[in-house]
Amino acid sequence: MIPNSFDYASPTSISEAIALLQKHGDEAKILSGGHSLLPMMKLRLAEPEMIIDINNIPDLSYIRESDGYLRLGALTREVELEDSELLRSNYPIFADVTKLIADPQVRNCGTIGGNLAHGDAANDHPAVMLAMNAEVVSQGPNGEKVTHITDFFHGFYMTALEEDEILTEIRIPIPPAGTGSAYTKLERKVGDYATAGVAIQLTMDASGTCTYMGIGLTNVGVKPIKVTRAEELLTGTNLSQDLIDQAAQMASEDCSPSADLRGSEEYKRAMVKVLVRRMIKLAMERARAH
């Protein structure tokens, strides 16, 4: 199908983009990578009257550490995450997740900010951000706003972003030594949305005690899921096999998948259980090597 007609603007500053959002309200949509918005427009699931292309706004693409945070600019492309030596060395979960997103053509254009702002529980980065305890930075007419990732996703395609706000940065606390992370998803074919996906970040001290556990789930609910019950069970323990099994069972109980072409509800819960066990073990291996 062909999208409805629309007006197009390409601002060169955040303030100009915000002014356009204020002027056009809910009739406007932000364009970054376009791999979520454009297919929806072609299917007439989204019919904006104004497209605001933010790709000409400078200084929104970067990967750096400062002031205790890993900072990712909203326009950072998936391929930049994939190729970053900093991420490859210190944050291996990004190498896990980026290679599972669609295909190289999509990763050359898709942005991490767009991935989160779209608010789709089937996207891969939301679960990763939940596991990593991230913050989302946005700008609007009232200045900068920082939203913790647990408060960012409100429902199906719904986020904490207001109509006149733009996501500008993702902040992730730099973890201490002894931290490991991992992500995987079950997919029907390469590049598909997840049947189920699991993100883990954990920290173990010198005695082997888990001092932090983050667990995020992909595409097994109307929004990305942080499995707090399992996190609390494992934090402060030595991560025995029995406790890991209990946590995996909790994760399978606390998600809310829907039956579809990718599988039944029972099957998806079973896969969550399997993947949580596997990713905790992989994250533990990486923590010991870090």
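Scroll up to find the structure.
Residues numbered from 1 in each chain as written. Predicted model: local features only at pLDDT ≥ 70, side-chain atom pairs only at ≥ 80, totals over all residues. Heavy atoms only, no water.

### Comments concerning the environment of glycine 208
Phase 1 of the analysis: Tracing the chain through its elements places glycine 208 in the loop between strand 12 (196-204) and strand 13 (210-218).
Phase 2 of the analysis: Among the residues examined, glycine 208 registers a relative accessible area of 23% and is labelled partly exposed.
Phase 3 of the analysis: Counting along the chain gives 79 residues from glycine 208 to alanine 287, while the straight-line C-alpha distance between them is 10.0 Å. (Helix = DSSP H or I, 4+ residues; strand = E, 2+ residues; numbered from the N terminus. Buried < 20%, exposed > 50% of the residue type's maximum accessible area, 1.4 Å probe, protein only.)

### Comments concerning the sheet that holds strand 2 (residues 28-31)
In sheet architecture, strand pairing relies on hydrogen bonds along the backbone and comes in two forms, parallel and antiparallel.
Phase 1 of the analysis: Here three strands make up an open sheet; going across it, the order is 1-3-2 and the pairing parallel. Because the sheet does not close on itself, it has two edges, and the strands there are strand 1 (7-9) and strand 2. Adjacent strand axes in the sheet meet at a mean angle of 25 degrees, parallel and antiparallel pairs treated alike.
Phase 2 of the analysis: As paired elements, strand 1 and strand 3 (residues 50-53) share three bridges and run parallel to each other. The residue of strand 3 that forms the bridge with tyrosine 8 is isoleucine 51.
Phase 3 of the analysis: Contacts from helix 1 (residues 14-24) reach strand 1, strand 2 and strand 3, with the element oriented near 170 degrees to strand 3. (Pairing = 2+ DSSP bridges. Axes fitted to C-alpha atoms, helices over the stretch in contact; angles between N-to-C directions. Contact = heavy atoms within 4.5 Å.)

### Here's the deal with the side chain of glutamine 201
Phase 1 of the analysis: Assignment of secondary structure puts glutamine 201 in strand 12.
Phase 2 of the analysis: The exposure class assigned to glutamine 201 is buried, which follows from its relative accessible area of 5%.
Phase 3 of the analysis: In this view, glutamine 201 contacts Ala131, Met132, Pro175, Thr179, Gly180, Ser181, Tyr212, Met213 and Gly214; residues no more than four positions away in its chain are not counted.

### Considerations on the pairing of strand 7 (residues 143-148)
Phase 1 of the analysis: As defined by bridge partners, strand 6 (residues 135-140) adjoins strand 7 across six bridges and the pair is classed as antiparallel. When the bridges of strand 7 are listed, glutamine 139 appears paired with glutamate 144.

### Brief notes about the nonpolar core
Phase 1 of the analysis: One finds Ile200, Leu202, Leu217 and Leu239 to be the most contacted residues of the largest nonpolar core, which totals 31 residues.
Phase 2 of the analysis: Here this core takes eight residues from helix 11 (residues 265-289), the largest share from any one element.
Phase 3 of the analysis: For isoleucine 200, the residues in contact, after removing those within four places along its chain, are Ile93, Ala131, Gly180, Ser181, Ala182, Met213, Gly214, Ile215, Met279, Ile280 and Ala283. (Core = buried A, V, L, I, M, F, W, Y, C linked by side-chain atoms within 4.5 Å.)

### Thoughts on a nonpolar patch on the surface
Phase 1 of the analysis: A contiguous nonpolar surface patch, about 320 Å² in accessible area, is contributed by Phe156, Tyr157 and Val222.
Phase 2 of the analysis: When its relative accessible area of 56% is taken as the criterion, valine 222 is described as exposed. (Patch = residues over 30% accessible without salt bridge, like charges linked within 9 Å, V, L, I, M, F, W, Y side chains within 5 Å. Areas by Shrake-Rupley, 256 points an atom, 1.4 Å probe, with all protein chains shown as cover. Salt bridge = Lys/Arg side-chain N within 4 Å of Asp/Glu carboxyl O.)

### Quick notes on the packing of helix 10 (residues 241-254) against helix 11
Phase 1 of the analysis: Taken N-terminus to C-terminus, the directions of helix 10 and helix 11 make an angle of 140 degrees; their axes are 8 Å apart at the nearest point. Overall, the two elements helix 10 and helix 11 adopt an arrangement that is oblique. Seen along the crossing, helix 10 lies across helix 11 with a hand that is right-handed. For the pair formed by helix 10 and helix 11, the contact residues are Gln241, Ile244, Asp245, Ala248, Gln249, Ala251, Ser252, Glu253 and Asp254 on the first element and Arg269, Val272, Lys273, Val276, Arg277, Ile280, Lys281 and Met284 on the second.
Phase 2 of the analysis: When grouped by side-chain class, the residues that make up the contact of helix 10 with helix 11 number seven nonpolar, three polar and seven charged. (Parallel < 35°, antiparallel > 145°, perpendicular 65-115°, else oblique. Left-handed = near helix turned anticlockwise from the far one by under 90°. Nonpolar A, V, L, I, M, F, W, Y, C, P; charged D, E, K, R; others polar.)

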